[in-house]
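Chain residues, written in single-letter form:
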Amino acid sequence: MAAKRTRATHQSPARPTTLDLGIDLGTTRTVVARADRGNYPVVGFTDPDGDEYGYLPSLTALTEDGLVHGFEARDAARAGAPLLRSLKRRLSDPAVTAETPVELGGRTFTVRELLVSYLEHVRAQLLASPVLDGLDPAGEDARVAVAVPAHAYGAQRLLTIDAFRAAGFHVTAVLNEPSAAGFEYTHRKGSTVSSKRTRVLVYDLGGGTFDTSLVDVEGTEHEVLASQGVSDLGGDDIDLLLAQMVLRRAGLAEEDLSHAELDDLLDRCREAKEALAPQTRRIVVDVRDTDVVLQAAELYDAALPLVERTIEVMEPLVGRLVDGEPDLTDVAGVYLVGGASSFPLVPRLLRERFGRRVHRSALPGASTAIGLAVAADRASDFALTDRLSRGFGVFREAEDGARTSFDALLTQDTIQASPDGSAGTVITRRYPARHNVGVFRFVECAGVDADGEPRGELAPYAEIRFPFDPSLRDTEDLAGVVVKRTADGPLVEERYEIDDAGIIRVTLTDLGDGYARGYTLGERTA
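Residues numbered from 1 in each chain as written. Predicted model: local features only at pLDDT ≥ 70, side-chain atom pairs only at ≥ 80, totals over all residues. Heavy atoms only, no water.

Colleague: An account of the overall build of the protein chain is needed here, citing residue identities and associated values.
Modeller: A tally of regular secondary structure across the protein chain gives 10 helices and 30 strands. In terms of overall dimensions, the protein chain is globule-like: its C-alpha atoms have a radius of gyration of 26 Å, near the 24 Å expected for 526 residues. The buried share of the protein chain, reckoned over its 526 residues, is 51%. Excluding contacts between residues fewer than 6 apart, the proportion of contacts in the protein chain whose partners are at least 24 apart in sequence is 66%. Accessible surface for the protein chain amounts to roughly 24,000 Å². Of this, 47% is attributable to carbon and sulfur atoms. If you average the places of the 58 positive and of the 83 negative side-chain charges in the protein chain, the two averages end up 5 Å apart. (Helix = DSSP H or I, 4+ residues; strand = E, 2+ residues; numbered from the N terminus. Rg over C-alpha atoms; globule rule 2.2 N^0.38 Å. Buried < 20%, exposed > 50% of the residue type's maximum accessible area, 1.4 Å probe, protein only. Contact = heavy atoms within 4.5 Å. Areas by Shrake-Rupley, 256 points an atom, 1.4 Å probe, with all protein chains shown as cover. Lys, Arg positive; Asp, Glu negative; His and termini not counted. Charge placed at Lys NZ, Arg CZ, Asp CG, Glu CD.)

Colleague: Which residues make up the sheet that holds strand β6 (residues 60–63), and what values do they have?
Modeller: Pairing is antiparallel across the open sheet formed by three strands, whose spatial order is β7-β6-β8. With partners counted over all chains shown, the strands left at the sheet margins are β7 (66–69) and β8 (83–84), one partner each. Sitting on the sheet, helix α3 (residues 111–127) touches β6, β7 and β8, and the angle it makes with β7 is about 55 degrees. (Pairing = 2+ DSSP bridges. Axes fitted to C-alpha atoms, helices over the stretch in contact; angles between N-to-C directions.)

Colleague: Break down the nonpolar core for me, with residues and values.
Modeller: If you look at the biggest cluster of nonpolar residues, it comprises 46 residues, and the most contacted ones within it are Y203, V246, L265, F343 and L350. In terms of residue count, the dominant contributor to this core is helix α8 (residues 296–314) (eight residues). With residues up to four places along the chain from it excluded, the contact list for L350 reads Y203, I311, M314, L336, G355 and V358. (Core = buried A, V, L, I, M, F, W, Y, C linked by side-chain atoms within 4.5 Å.)

Colleague: Describe the pattern of salt bridges, listing the residues and the values that go with them.
Modeller: By the definition in use, this model includes 37 salt bridges. Each of R85, D236, D239, D263, D267, R270 and K273 takes part in salt bridges that share partners, so that together they form one network. (Salt bridge = Lys/Arg side-chain N within 4 Å of Asp/Glu carboxyl O.)

Colleague: Outline the packing of aromatic side chains, supporting the account with residue identities and numerical values.
Modeller: In the structure shown here, the tally under the stated rule is 15 aromatic pairs. For the pair F392 and F442, a centre-to-centre distance of 5.6 Å together with 20 degrees between the ring planes defines the contact as stacked. Of the two residues, F392 is situated in strand β21 (residues 391–398) and F442 in strand β24 (residues 437–448); the sequence distance between them amounts to 50 residues. Classification of F392 as buried rests on a relative accessible area of 0%. The buried category is assigned to F442, whose relative accessible area is 1%. Among the aromatic residues, those joined into a cluster by ring pairs are F392, F440, F442 and Y496. One residue, R29, lies across the ring of Y55, its end atom 4.1 Å from the ring centre. (Phe/Tyr/Trp six-rings, centres within 6.5 Å; stacked < 30°, edge-to-face > 60°. Lys NZ or Arg CZ within 6 Å of the ring centre and 35° of its normal.)

Colleague: Break down unusual backbone geometry for me, citing the residues and quoting the values.
Modeller: One non-glycine residue, R288, lies in positive phi territory at about 55 degrees. Turning to its location among the elements, R288 is positioned in the loop between β16 (282–287) and β17 (290–295). Residue class for R288 comes out partly exposed when judged on its relative accessible area of 44%. Although it is not a glycine, S389 sits at a positive phi angle of roughly 70 degrees. Relative to the elements of secondary structure, S389 occurs in the loop between β20 (383–385) and β21.

Colleague: Give me the lowdown on the sheet that holds strand β14 (residues 210–218), citing residues and values where you can.
Modeller: One open sheet accounts for six strands, arranged β19-β18-β13-β14-β15-β20; its pairing is mixed. Lying at the two open borders of the sheet, with one neighbouring strand each, are β19 (358–360) and β20. Adjacent strand axes in the sheet meet at a mean angle of 30 degrees, parallel and antiparallel pairs treated alike. Pairing of strand β13 (residues 199–205) with strand β18 (residues 331–337) involves six bridges; the strand directions are parallel. Residue R199 lies in a different strand from β18, and its bridge partner there is V331. Sitting on the sheet, helix α9 (residues 345–354) is in contact with β13, β18 and β19, with an inclination near 155 degrees to β19.

Colleague: Help me get a handle on the domain arrangement of the protein chain, residues and values and all.
Modeller: When the domains of the protein chain are assigned, the result is domain 1 (19–177), domain 2 (235–302) and domain 3 (391–521). Taken together, the nine residues of domain 1 in the interface contact 13 residues of domain 3. Taken over both partners, the interface formed by domain 1 and domain 3 buries close to 940 Å², and the fraction arising from carbon and sulfur atoms is 63%. The largest contributions to the domain 1 side of the interface with domain 3 come from P94, Y153 and L158, which together make up 50% of the buried area. The tally of links from domain 1 across to domain 3 stands at zero salt bridges. (Domains from an automatic or database assignment. Buried area = accessible area lost by both parts, 1.4 Å probe.)

Colleague: Pulling in residues and values, what's your account of the packing of α8 against α9?
Modeller: One can describe the packing of α8 onto α9 by two numbers: an axis separation of 10 Å at closest approach and a directional angle of 50 degrees. Judged by the inter-axis angle, α8 sits oblique to α9. Between α8 and α9 lies a crossing of right-handed hand. Taking contact as the criterion, the partners of Y300, A303, L304, V307, E308, I311 and M314 in α8 are, on α9, L345, V346, R348, L349, L350, R353 and F354. Here the residues of the contact of α8 with α9 are counted per class, giving 11 nonpolar, no polar and three charged. (Parallel < 35°, antiparallel > 145°, perpendicular 65-115°, else oblique. Left-handed = near helix turned anticlockwise from the far one by under 90°. Nonpolar A, V, L, I, M, F, W, Y, C, P; charged D, E, K, R; others polar.)

See the structure below:
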């Protein structure tokens, strides 16, 4: 009797039943990637016409029915609705708070209101996507990784995390954007990393910001050695430059156009810029039903100072040899990411400086989101050690108040906690209190120089007052208490910790009886 044959069946691996997402909130576009069995596909978003894109426009418009976002905002603006672009750029202002006002269409909103409303729209779009299999990014089992610019101050980091969570996202990790792109590099181009060349130089030119980080890679272990950045330089500036050139060629001024016409012109200029290829010779932009023609070389000449500025910011990370050439001995690749890095002038200039080690991401606009999805992936063994990338300190009174001095507590090279829970740098100061009230004027800065002085723009915290005199602990407003010198005060400890999101947490403690208060970016938290 013949043996019974059994037909072999081949089943594809089951779709994941957990949700691990990376979300890159960009200046011009928001990109989402999902971890799926070792792959990290970009989530598609559908516009009102049924066309699918690998991003959601980071746009908000005000209509008669209220705020609309994404593609709906784009269409509303074309119909004349007031439009808000590049909200993320406003977050980079060192003076920004959740209550910072933003005017749109004659109405005033807070930064937090607009950001939360936009992110609620992002979540609604994701919930409607079949790619998520009905899973909710608000679920306790969901893992959502988000990013901020490497040079972002604490206020921007807090605002971003708070807005994502208020919009219903279960945020489990916050990475610096170029650090996330470093994950994507290793995922795609790990073969370029060797025992002799372990470093990746990430060049991240987005819509509104420029970031660069030097990352040391050993297997799946990533350590950020240094970062630099510019908060007001990106593809938006090239779009604006092209729009100004088009208007001059057309014999028009900005004030000749309505807000809707200006928004439409910027959209057309962005589309023309993104359509550029190395062989492109002419740029055609329609304004008021007239084709304005420019030579691509004209735009490249005008944009040259912008791109050269990014290279100047980046060059200290690789060092310079005696002959002035960059030292690329340990560099496996210079990795171009961010949507604006596709501008042909960018890879051309970088290859002139750094040769054949320049690599462009296959998906430059999605690189950060993909790296974030790698970070969120519970099946991934990628690990990260990052650095603060900005300075932090306190102005203290010296010589009995005759002058102030800056105490540099943390520098831009300070190691922060890792997403896996590994502790970061902890700084402590202990001293006997000499006043009834301690007055702390904390500030963040772009960095700390060799003399321990702050450099770059300062971002001050709200002034913090701590009662060294126990009898003042129930006083609600210590600002009304006159600061007096005392003979014998308690032993006080200042403790500074950096969490995995790069946020600094301060704890002030009276070591005599253990009384303590905790602060995050100037806000009392404990």
